[in-house]
Amino acid sequence: MSDPHSVIVCPACDLLIERKLLPMRRHAHCPRCHQHLYGRYAFRPSQLMALTITGFLLLPSTLFEPLLYLRLAGVNSDANLLKGILMLFGEGELWVASLVLWCAVLAPVGLLLGIFALASGLAKRWHMLAPTLKAVEVFRHWAMLEVYIVSLMVALFKLIDIADVRLGGGLLSLGILMLLNMTLLILFDPAPYWERIPLQNASQELDHDPDQCP
Ligand SMILES: [Zn+2]
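What counts as what
- Per chain, residue numbering runs from 1 following the sequence as it is written.
- Only residues with pLDDT of 70 or above have their local features reported here, since the model is predicted, and side-chain atom pairs are shown and tallied only from 80 upward, although totals for entire chains, interfaces and linings are computed over all residues.
- Excluding hydrogens and water, the side-chain values take into account all heavy atoms of the structure.
- The numbering of helices and of strands both runs from the N terminus, where a helix is a DSSP run of H or I of at least 4 residues and a strand a run of E of at least 2.
- Working definition: with a 1.4 Å probe on protein chains only, accessible area under 20% of the residue-type maximum means buried, over 50% means exposed, and in between means partly exposed.
- For the area figures, the Shrake-Rupley method with a 1.4 Å probe applies, and any residue is considered shielded solely by the protein chains shown.
- What makes a salt bridge here is a side-chain nitrogen of Lys or Arg within 4 Å of a carboxyl oxygen of Asp or Glu, nothing more.
- UniProt positions are given in the numbering used here, feature names are shortened, and annotations may be inferred rather than shown by experiment.
- Working rule for helices: expected span equals 1.5 Å times residues minus one.
- Note on contacts: a residue pair is in contact if any heavy atoms of the two residues lie within 4.5 Å.
- Note: two strands are recorded as paired if DSSP finds a minimum of 2 bridges between them.
- Coordinating donors are taken to be N, O and S atoms lying within 2.8 Å of the metal, or within 3.2 Å when the metal is Na, K or Ca; because water is excluded from the atom set, some sites may appear incomplete.
- Only four donors with every angle between 85 and 135 degrees are called tetrahedral; only four or six donors with opposite donors over 155 degrees apart and all others between 65 and 115 are called square planar or octahedral, in that order; all others are irregular.
- Each nonpolar core is a collection of buried residues, namely Ala, Val, Leu, Ile, Met, Phe, Trp, Tyr and Cys, held together in the definition by side-chain atoms within 4.5 Å.
- Every angle, taken between N-to-C directions, lies between 0 and 180 degrees, and every axis is a line fitted to C-alpha atoms, over only the stretch in contact when it is a helix.

**Remarks on the overall build of the protein chain**
Thought 1: Each helix and strand counted, the protein chain has nine helices and seven strands in total.
Thought 2: Looking at the protein chain residue by residue over its 214 residues, the buried ones come to 32%.
Thought 3: Total accessible area computed for the protein chain in this model is approximately 13700 Å², and 65% of it derives from carbon and sulfur atoms.

Quick look at the structure:
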């Protein structure tokens, strides 16, 4: 008899499908509706760790180096990511400042930390596999560095007519971090990590859930 835990449900048409080990870089699709089910990606944990460590190294210059240098009416000024958020807080724009802080700083950093903890095995060692996977799932929906960069570019094109604008090193780091984050979002597959969570925990949770056990 086949292992019942290797059977998965197609999220699009509810067909029951037996999960099989795929060769590298191959993907499984539903035979009925062709929905993408799972894939075996080329990224090994060591490669994920290398990407996340690169992200951590980029963080100081992304957060503290000026994104832009401005010269307007003889006055020089510069702006970095954190200074911009603090200025928004200072102007009383609490919602906008909190949203930028969450989407452009906390969620991307959380995503890097979460994937590093999973790839390095720290999450499993600390018995935090399930909370880390849930946190990564939240962060991957909220990490929006590309939206921040697009809005920065729009502001830049508006400013270019009235001020002398020079790009700062922080913008380059932010661009590289955005590409790195997008690569992680596309190529990080949480399925193998979910499979490592012992099934005992799930059955214990069901036993304690009054809705599941009348
Ligand atoms: Zn299907």
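**Quick look at the pattern of salt bridges**
Thought 1: According to the stated counting rule, one finds one salt bridge in the structure shown.
Thought 2: Here K83 and D78 are joined by a salt bridge, their closest N and O atoms 3.0 Å apart.

**Observations concerning the UniProt feature "transmembrane region" (unreviewed entry) in the protein chain**
Thought 1: The positions that UniProt labels "transmembrane region" (unreviewed entry) are, in the present scheme, residues 48-73, 94-119, 139-160 and 167-188.
Thought 2: The annotated region residues 48-73 carries 65% helix and 19% strand content, and the separation between its end C-alpha atoms amounts to 47 Å.
Thought 3: Counting secondary structure, residues 94-119 comes out at 100% helix and 0% strand; the distance between its end C-alpha atoms is 35 Å.

**A look at helix α7 (residues 169-187)**
Thought 1: With 19 residues, α7 ought to run about 27 Å at 1.5 Å a step, and its terminal C-alpha atoms sit 27 Å apart, in line with that.
Thought 2: Among the residues of α7, those classed as buried are G170, L171, S173, L174, G175, L177, M178, L180, N181 and L184.
Thought 3: Contacts made by the buried residues of α7 are with α1 (45-64), α2 (81-90), α3 (94-120), α6 (145-159) and β7 (164-167).

**Focus: the pairing of strand β4 (residues 36-39)**
Thought 1: The pairing of strand β3 (residues 27-29) with β4 spans three bridges and is classified as antiparallel. By the bridge assignment for β4, H29 is matched with H36.
Thought 2: Hairpin connection, β3 to β4: the antiparallel pair is bridged by six residues, and H34 has positive phi, about 65 degrees.

**Brief notes about the coordination of the zinc ion**
Thought 1: The zinc ion binds to the protein through C10 (SG), C13 (SG), C30 (SG) and C33 (SG), with metal-donor distances spanning 2.2 to 2.4 Å.
Thought 2: Of note is the zinc ion, whose four donor atoms meet at the metal with angles of 105 to 117 degrees in an arrangement that counts as tetrahedral.
Thought 3: In primary-sequence terms, the residues that donate to the zinc ion follow C-x2-C-x16-C-x2-C.

**Comments concerning unusual backbone geometry**
Thought 1: Here the phi dihedral of H34 falls at roughly 65 degrees; this positive angle occurs in a residue that is not glycine.
Thought 2: Among the structural elements, H34 can be located in the loop between β3 and β4.
Thought 3: In this structure H34 comes out as exposed when scored by relative accessible area, which is 58%.
Thought 4: Although it is not a glycine, H127 adopts a positive phi angle of roughly 55 degrees.

**Remarks on the nonpolar core**
Thought 1: Membership of the largest hydrophobic core comes to 39 residues, with the highest contact counts inside it found for L67, L81 and L118.
Thought 2: It is α3 that contributes the most residues to this core, ten residues altogether.
Thought 3: When residues no more than four places from it in sequence are discounted, the contact partners of L118 are A123, L129, T132, L133, V136, F188 and Y193.
Thought 4: C10, L22, A28 and C30 belong to the second largest nonpolar core, which has eight residues in total.

**A few points about the sheet that holds strand β6 (residues 75-79)**
Hydrogen bonds between backbone atoms are what pair the strands of a sheet, whose relative direction is either parallel or antiparallel.
Thought 1: Read from one edge to the other, the open sheet built from three strands follows the order β6-β5-β7, with strand pairing classed as antiparallel. With partners counted over all chains shown, the strands left at the sheet margins are β6 and β7, one partner each. Pairs of neighbouring strands in the sheet enclose a mean axial angle of 20 degrees, with direction left out of account.
Thought 2: Judged from the five bridges that link them, strand β5 (residues 68-72) and β6 form a sheet pairing that is antiparallel. By the bridge assignment for β6, Y69 is matched with D78.

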